[in-house]
Amino acid sequence: METVKWGVLGTATIAKGCTIPGMQIAKNTSLHAVAGRNKEKARQFAQEFGFATYYGSYEELLQDDDVQAVYIPLPNNLHAQWVIEALKAKKHVLCEKPLALNARQAEQMFETARENGVHLMEAYAYLHSPYMQSLKNDVHSGIIGDIDCIDTAFLTQGYKEDIRLYKEQGGGAFYDLGCYCTTMILSLVDSEPETIKAVAEFSDKGVDDMTTGFIHFKNGVRASFNVGMILGKNTNARLDRLYIHGTKGFIKSDVEYNQSGKLSYQICTDKGTVERCIDVPQNYSLEVQQLGTCILDGAEPFVSPDFSLKNARLMDAVFKDIGY
């Protein structure tokens with residue numbers, strides 16, 4: 001099978017624990033190069049995961065002609081700079097969410113991709129999951145009628161030390177977690193937001209520890225979200241919630257975002273409760289593999305530029321309302 005030669009720009013935790021293991025099992029993927037500010041750490045990554053080569057700077061990796069696509073797991077404040085550098089080097093790019101700090105940055109990034117004839121896709125691994133496809137199929141089938149309200153939450157631990165705690169690095173609960181909730185809502189509602197309201201609690205470092213929001217769409221659907229870094233200190237605690245209420249029933253799910261394995265949700269109507277159980281492979285392998293099909297076979301990115309920009313504009317409105 002023809003494969004895409006990937007480079008990884010950075011040695012972040014999500015790369016080590018999630019995306020690179022996904023690359024190792026993706027069918028059309030070859031691990032070619034990894035780069036880090038610390039060359040020794042890059043060497044260790046290369047040895048551990050089987051990259052063909054490694055570099056002590058991001059610039060060196062982008063100059064490698066064998067690299068066809070680049071995965072960028074850098075802190076949020078570095079996304080725009082290095083995505084644009086990679087695109088100008090004619091590399092296809094998979095960039096961790098949130099793609100940009102605001103919609104204007106995202107627009108510039110997609111415009112650079114178009115100018116250089118390469119793909120740019122925002123990395124929402126959970127959106128590629130067959131669990132999500134099953135969920136959307138049930139919603140669109142009309143089994144719960146027309147959607148009238150959606151509620152979703154994503155709460156994690158309060159960190160003692162983490163890049164998410166610092167404003168200059170694009171930290172905070174809404175950047176890190178809220179983008180999951182807003183993309184979930186937008187993937188289920190075929191309409192434009194009409195009213196967006198939000199409130200937040202801020203830390204002494206100036207980032208939101210917790211943000212709660214409300215969206216009213218032009219088609220009448222209402223949605224709410226609740227995100228926060230508030231559950232204990234450096235524990236594994238988290239809370240994920242999704243309710244989709246319709247005119248004939250509702251769907252309930254406590255599945256954590258980005259999970260794999262046997263996942264289930266309940267469909268409740270006046271006819272009773274049905275439980276769907278879906279076998280879900282490693283989500284990160286799915287997003288890498290999908291961008292590979294775009295490069296090799298001419299497919300379009302599953303997480304499209306239009307979708308990412310719609311979400312970025314929604315996030316901008318939330319940030320404006322909470323004063324971040």
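Residues numbered from 1 in each chain as written. Predicted model: local features only at pLDDT ≥ 70, side-chain atom pairs only at ≥ 80, totals over all residues. Heavy atoms only, no water.

## Here we look at the sheet that holds strand β3 (residues 53–55)
What counts, and what does not: For two strands to count as paired, DSSP must find a minimum of two bridges between them. Strands are runs of DSSP state E lasting at least two residues, helices are runs of H or I lasting at least four, and both sets are numbered from the N terminus onward. Inter-axis angles, ranging from 0 to 180 degrees, are taken between N-to-C directions of lines fitted to C-alpha atoms, where helices are fitted over the stretch in contact. Note on definitions: a residue-residue contact is assigned when non-hydrogen atoms from the two residues lie within 4.5 Å.
In spatial order, the strands read β3-β2-β1-β4-β5-β6; together these six strands make up an open sheet with parallel pairing. In this open sheet, the two edge strands, each paired with only one partner strand, are β3 and β6 (120–123). On average, each strand axis in the sheet is tilted by 25° relative to the strand beside it, whichever way the strands run. Where strand β1 (residues 4–9) meets strand β4 (residues 69–72), three bridges bridge the pair, whose relative direction is parallel. Looking at the pairing, W6 lines up with A69 of β4. Against the sheet, helix α8 (residues 283–297) touches β1, β2 (29–35), β4, β5 (92–96) and β6, its axis set at about 160° to β5.

## Some points on the sheet that holds strand β13 (residues 261–269)
Ordered by their spatial adjacency, eight strands build an open sheet running β8-β9-β10-β7-β11-β12-β13-β14, and the pairing between neighbours is mixed. The open sheet has two edge strands with one neighbour each: β8 (193–202) and β14 (272–280). Strand-to-strand twist across the sheet, computed as the mean angle between neighbouring axes with direction ignored, equals 15°. Two strands pair when backbone bridges link them, and β8 and strand β9 (residues 208–217) are joined in this way by nine bridges, in the antiparallel orientation. Pairing of V199 across the sheet is with T212, part of β9.

## Overview of the side chain of S308
Note the following rule: Exposure is judged per residue with a 1.4 Å probe applied to protein chains only, and the accessible area is read against the type maximum: over 50% gives exposed, under 20% gives buried, and values in between give partly exposed. Counted as a polar contact is a pair of N or O atoms within 3.5 Å, where, for protein atoms, one must be capable of donating a hydrogen and the other of accepting one, and residues adjacent in sequence contribute only when both atoms are in side chains.
For S308, the position within the fold is in helix α9 (residues 305–322). Given a relative accessible area of 3%, S308 falls into the buried group. Side chain to side chain, S308 and E122 meet in a polar contact 2.7 Å long. In this view, S308 contacts F110, E122 and V303; residues no more than four positions away in its chain are not counted.

## Here we look at the packing of aromatic side chains
As a reminder, the rule being used: Working definition: a ring pair exists when centres of Phe, Tyr or Trp rings (six-membered ring for Trp) sit within 6.5 Å. Plane angles under 30 degrees give stacked, over 60 give edge-to-face, the rest tilted.
For the structure on display, the rule yields 16 aromatic pairs. Judged by centre distance (5.8 Å) and plane angle (75°), the ring pair of Y175 and Y324 falls under edge-to-face. Of this pair, Y175 sits in helix α7 (residues 173–188) while Y324 sits in the segment after α9, and the two are 149 residues apart along the sequence. Neither Y175 nor Y324 differs from the other in exposure class; each is buried. By way of ring pairs, the aromatic residues F174, Y175, F202, F225, F319 and Y324 are connected into one cluster.

## Some details on the pattern of salt bridges
Filter applied, for reference: One speaks of a salt bridge when a side-chain nitrogen belonging to Lys or Arg is within 4 Å of a carboxyl oxygen belonging to Asp or Glu.
The final tally for this structure, using the stated rule, is 13 salt bridges. Salt bridges here are not isolated pairs; linked through shared partners, they connect K97, D162, R164 and D176.

## Describing the packing of helix α1 (residues 13–25) against helix α2 (residues 39–49)
Using the following cut-off: Each angle receives one of four descriptions, namely roughly parallel if under 35 degrees, roughly antiparallel if over 145, roughly perpendicular if within 65 to 115, and oblique otherwise. Two helices cross in a left-handed way if the nearer one is turned anticlockwise from the farther one by less than a right angle. They cross in a right-handed way if the turn is clockwise. Under this grouping Gly is polar, as are all residues other than the nonpolar Ala, Val, Leu, Ile, Met, Phe, Trp, Tyr, Cys and Pro and the charged Asp, Glu, Lys and Arg.
Between α1 and α2, whose axes approach to 11 Å, the crossing angle comes to 45°. In terms of axis orientation, α1 runs oblique to α2. In the packing of α1 onto α2, the handedness of the crossing is right-handed. Contacts from K16, I20, P21 and Q24 in α1 reach F45, E48 and F49 in α2. Here the residues of the contact of α1 with α2 sort into four nonpolar, one polar and two charged.

## Let's talk about helix α5 (residues 103–116)
Heads up, the rule is: In this analysis, the expected span of each helix is defined as 1.5 Å times one less than the number of residues it contains.
The end-to-end C-alpha distance of α5, which contains 14 residues, comes to 20 Å, matching closely the 20 Å that a straight helix rising 1.5 Å per residue would cover. Along α5, the residues that are buried comprise A103, Q105, A106, M109, F110, T112, A113 and N116. Looking at the packing, one finds that the buried side of α5 touches α4 (79–88), β6 and α9. Capping the start of α5, N102 holds a side-chain oxygen 3.2 Å from the backbone nitrogen of R104, two or three residues further along. Immediately beyond the C-terminal end of α5, within one or two residues, lies G117, with a positive phi of roughly 65°.

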